[in-house]
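# Observations on the model geometry
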Amino acid sequence: MAATVPSSPATARRQFGADIRRRRDDRDLTAADVAATLGCSVSKVTRIETGQRSATPDDFDALMELFQVPDEERGHLEALFKRGRKRTSMWWDAYADVLSSRYAEFIRYEHEAAEVFDYQVVYVPSLLQTEDYARAVTAVGFAALGPDQIDSLVEVRMRRQHRIQHDAEPLRFSGVITQAALEFHVGGPAVQIAQLRHLRAMMALSNIDLRVIPFSKGEEGTLTGAFSTFTNEGQKTPEAAFAEAVTGSVFVDDALGLRRLLRLSNYLADAALSVDESLDLIEQTERKLASE
């Protein structure tokens, strides 16, 4: 049966690029070797291989000749190539005035992933936030923005949650947070109580797996900063990741970095309480906060 071509141009570009990278590695060629054949920069080859840009028709023909792609494989690659050159509007394009290019890229990977892993140290994961909680976090994180811009960013965060709660084939979410995320009174006690209640409701969904690392685990819950990984359907390792840094999020797509983050996510999940124990801790924190 012929391989299917994804409906998303971005996914098609990445699949085409990954195939080209595999063929280059199989022949022990460097990106510079391919660039010399195409008559372009090494940067362009790298961007084609990572799906960040489309190949041109001349590039496609040159690549097929360079790698001596058999006719039975060329048809699928040509379909990926053509699909990757299509321009389609996505829902987040309407918020281009408030989204940074990195945030838009983050949303694109999240939109196309089948599974997301999210580790947060002090905040509830954005895909599980209530609107009031999201507004409180956004108002602090983007203090230089006006009320209308903050409203738009909150709308984006709420729209991102649609795939978890409303899609016929919902996004699978697994995450780990520290107990600190439960204890901080984000937006005030009432907002935090509502957020904890919302967390427990979301954890009842079959596609949600959230665990908490308690304070008693000490350094095991603080060995790294927040990060998110995105895994496509049928894949065992993430395709991309974003890690938070002081200067902003860092994009990770190299094999070594992704393998390290996969090991780290497994380590954090092992350090965390079970789902049932996590639910108990969330409920205890909610009761304690309500009694204060």
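Presented here is a report on the structure given in the accompanying data block. All figures in this text were calculated on a predicted structure; none of them were measured in a lab.

This part takes up the sheet that holds strand S5 (residues 240-245). Spatially, 6 strands are ordered S3-S2-S1-S4-S5-S6 in an open sheet, and the strand pairing comes out mixed. Of all the strands in the sheet, the pair left with one neighbour each is strand S3 (208-213) and strand S6 (248-252). Direction aside, the axes of adjacent strands within the sheet are offset by 15° on average. Strands in contact with helix H12 (residues 255-271) are strand S1 (115-120), strand S2 (172-178), S3, strand S4 (227-231), S5 and S6; relative to S4, the strand with the most contacts, it is inclined by about 110°.

Moving on, we get to the pattern of salt bridges. Enumeration according to the criterion identifies 23 salt bridges in this entry. Taking the shortest distance from any N to any O, the salt bridge between Lys44 and Asp59 comes out at 2.9 Å. In this pair, Lys44 is assigned in helix H3 (residues 42-49) and Asp59 in helix H4 (residues 57-66), connecting sequence segments 15 residues apart. A relative accessible area of 5% means that Asp59 is categorised as buried. Measuring nitrogen to oxygen at the nearest pair gives 3.3 Å for the salt bridge that ties Glu131 to Arg135. In this pair, Glu131 and Arg135 are both assigned in helix H7 (residues 131-141), 4 residues apart and thus about one turn of the helix distant. By relative accessible area, Glu131 is classed as partly exposed at 44%. Because the salt bridges share partners, they merge into one network encompassing Asp19, Arg22, Arg23, Asp26 and Glu73.

Criteria and cut-off values
Residues numbered from 1 in each chain as written. Predicted model: local features only at pLDDT ≥ 70, side-chain atom pairs only at ≥ 80, totals over all residues. Heavy atoms only, no water. Pairing = 2+ DSSP bridges. Helix = DSSP H or I, 4+ residues; strand = E, 2+ residues; numbered from the N terminus. Axes fitted to C-alpha atoms, helices over the stretch in contact; angles between N-to-C directions. Contact = heavy atoms within 4.5 Å. Salt bridge = Lys/Arg side-chain N within 4 Å of Asp/Glu carboxyl O. Buried < 20%, exposed > 50% of the residue type's maximum accessible area, 1.4 Å probe, protein only.

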